[in-house]
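Structural overview
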Amino acid sequence: MFGKLPGFASDTPKTRKSLLEIGAVGGIMDANENLAADPVQLIVDANLSAGNQNNPKLTAGMTFLGQFLDHDLTLDITSSLERQVDPEMIANFRTPTFGLDSVYGAGPNGSPHLYDQIGGQGIKFLVEKLAPGGKPDLPRNSQLTPLLGDPRNDENVVLSQLQVAFLKFHNAVVDYVKAELDLTAPGEVFGEAQRIVRWHYQWIILHEFLPKTCGQTVVDDVIGNGRKFYKWKNEPFIPVEFSVAAYRFGHSQVRPSYRANFTGNPGNTPFFAMIFKESPSSPTDPDDLTGGCRAKRRFIDWPTFFDFGDGNVRPNKKIDTLLSTALFRLPTKVVANPDARTNPSSLAQRNLLRHLTFSLPSGQRVAAAMNLPALSTADLAMLKPWGMDDHTPLWFYILREAAVQASGERLGAVGGRIVAEVFIGVLQGDRTSYLSQDPEWEPFLATIDPAKTTEDFTMIDLLRFAGVA
C-alpha cells in the first residue's frame, strides 16, 4: 500500500536488540498476569488481570471471528522472521477473497474427504460427535488430525468450534435450498447453498465485524467515497501493512483464560481454561484451550462469546499495547525449536521482528501518507528509551493509536482505514461476492426474534441457524 515509504529503521543488531526488548517477557507490552493463577480468577478478579481492561463494545467471540476471517483471507506458509526477498514477492497461498475457502476447500470434487459421501450426497460436510449424545466436533482421521480446508482452524477450541458452526450452517442451508427452492440435483443444490452461505457471511463482515472493529464512519466513507490507498492493477492482493501490522491488532484482544462452556467438566460444571499453556497437562485432553484434541468437554457454549441476551456474555479485551502474558510464552507446538534471537516464543517479539523482514514504514510516515493526524511523541513516550517514539513500528503504532483515539474500543484512524479498505476492497474485487453481483441484496436467513426491528443477519443468527446455539 505504501511501497515507496522507507522502512521504519535499518535492520541492524541494535534495532533487533531494541525490538526484542520491547516485546520481551516482563517488558512494556506484557500484561504481567500470573499464569499460575486459577483461570476463573483471571476472569473475575480485576487485580489479577489489571492489564486486560474490558472492552464494552466487543464481546469475547469477536477475537476468534477475526482469527477465522484472517485464515479465510490469507495463507503464507513461509517463515518470515529473517530477512527474505522483496516483500512484493511474498506469496499468499490462497485466493484473497472472503469465499470461505478455509471451509469449502476445493469443493466436493477437489476435496471429497471434507464431505459426507453417504448421508449428505457428497454436498454436506462431515461433522462428528465428541461422544454418544455429545457436542459436534470437526471430522478427524484416526490420529485426530482434522479434515479441514485450512488446518489452522484447529489451533484452539474456540476456533475449531467456530469452524464446526460454519460446517453446520452450510448443511442447514442445503436443507433450506432443498425445501424452499425446489432444487434436487446435488450440484445445483450445492452451488446455491454455497452462494447463500457466502453472501450471509460477507454481510456479517460488512455490517457487523467491520463497523465494530473499524467504526461505522470509516466503513461508510470507504463504501460511499471509495478506497484511497488500497489499489491494484489486475486483482486484489494482501498488503504487508495489513497482514504484518494492522490486522495483528487481534493479538491484543486475547484474554489469558476463558469459560469454554457451562457443563463440560465433571458434575456438569463449567470448563474454564487458559487459552494455552507452555506445558499442558495432557496431550489428549489438556487443561488449556489448544486444539488438535477430541474429548467430551472440548466444546463451546456460544452465549459466553456472543450476546444472546441471557446475561452470560463476556467482554473482549481492549485494543492497546498490552498483550496477555500467555502470548509471550507460546507453547512448543506453536513455535518449533524456539530461539531467543531468531525464533522467539514471544508473539510480540515475532510481530516486531517482521517489520524488519518486510521493511515496513513507521506508523508516523503512514499517517502522513494518509493525511491523518499522527500520534505525538508524548503518546508514544514508552518507546523513548529505544528512540522509537518518533519512528514507531507500524503494529505497535496501530495498537497505541486505538488506545489513544478510541479508548481501545476499536481501531484508530490509520489502523481502521487500512483494515476497512482491504476488507471492502477484497469484497469489491471478488466478482462472485454479493457486493459485486448484487450490492442491494439483503440477508433472509435471520432467525425469528421479536426484538429485531430491522432486517439483519449477525453471528448470533448464523449460530442459531446452524443449530449450535
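Right above here is the structure, for reference.
Position numbers for residues start from 1 in each chain and track the written sequence from start to end. Where local features are concerned, this predicted model is filtered to residues with pLDDT of at least 70; where side-chain atom pairs are given and counted, the filter is 80 or more; whole-chain, interface and lining totals use all residues. Excluding hydrogens and water, the side-chain figures rest on all heavy atoms present in the structure.

Thoughts on the packing of aromatic side chains
Stacked, tilted and edge-to-face are the three classes applied to pairs of Phe, Tyr and Trp rings, where Trp contributes its six-membered ring and a pair requires centres within 6.5 Å; stacked means planes under 30 degrees apart, edge-to-face means over 60, and tilted covers the rest. Summed over the entire model, instances satisfying the criterion amount to 31 aromatic pairs. Arranged with centres 5.3 Å apart and planes meeting at 55 degrees, the rings of Y230 and W232 form a pair that is tilted. Think of it in three bands: with a 1.4 Å probe and only protein chains considered, a residue is buried below 20% of the maximum accessible area for its type, exposed above 50%, and partly exposed in between. For Y230, a relative accessible area of 0% translates into the label buried. Look at W232 and you get partly exposed, because its relative accessible area is 23%. Positioned above the aromatic ring of W199 is the side chain of R195, whose terminal nitrogen or guanidinium carbon lies 4.5 Å from the ring centre. In this scheme, Lys NZ or Arg CZ marks a charge over a ring once it lies within 6 Å of the ring centre and within 35 degrees of the ring normal.

Considering the pattern of salt bridges
Here a salt bridge means any side-chain nitrogen of Lys or Arg lying within 4 Å of a carboxyl oxygen belonging to Asp or Glu. Within this structure, the stated rule accounts for 17 salt bridges. Note that E128 is salt-bridged to R294, the shortest N-O span being 3.0 Å. Placement of E128 in strand β4 (residues 128-129) and of R294 in the loop between β7 (269-274) and β8 (315-317) is noted, with a sequence separation of 166 residues between them. The partner of R298 in a salt bridge is D285, and the shortest N-O contact between them spans 3.1 Å. Taken together, the residues R298 in the loop between β7 and β8 and D285 in the loop between β7 and β8 connect sequence positions 13 residues apart. Taken together, the shared-partner salt bridges in this structure form one network comprising E128, D137, R140, D154 and R294. Put simply, DSSP H or I for four residues or longer makes a helix, DSSP E for two residues or longer makes a strand, and each gets a number counted from the N terminus.

Re the pairing of β7
One requirement defines pairing of two strands: DSSP has to find at least two bridges between them. Summarising the sheet, strand β6 (residues 257-265) and β7 pair through five bridges and their orientation is antiparallel. Directly across from N261, in β7, lies its bridge partner F271. With antiparallel pairing between neighbouring strands as the criterion, β6 and β7 make up a hairpin whose turn holds three residues, including G267 at a positive phi of roughly 75 degrees.

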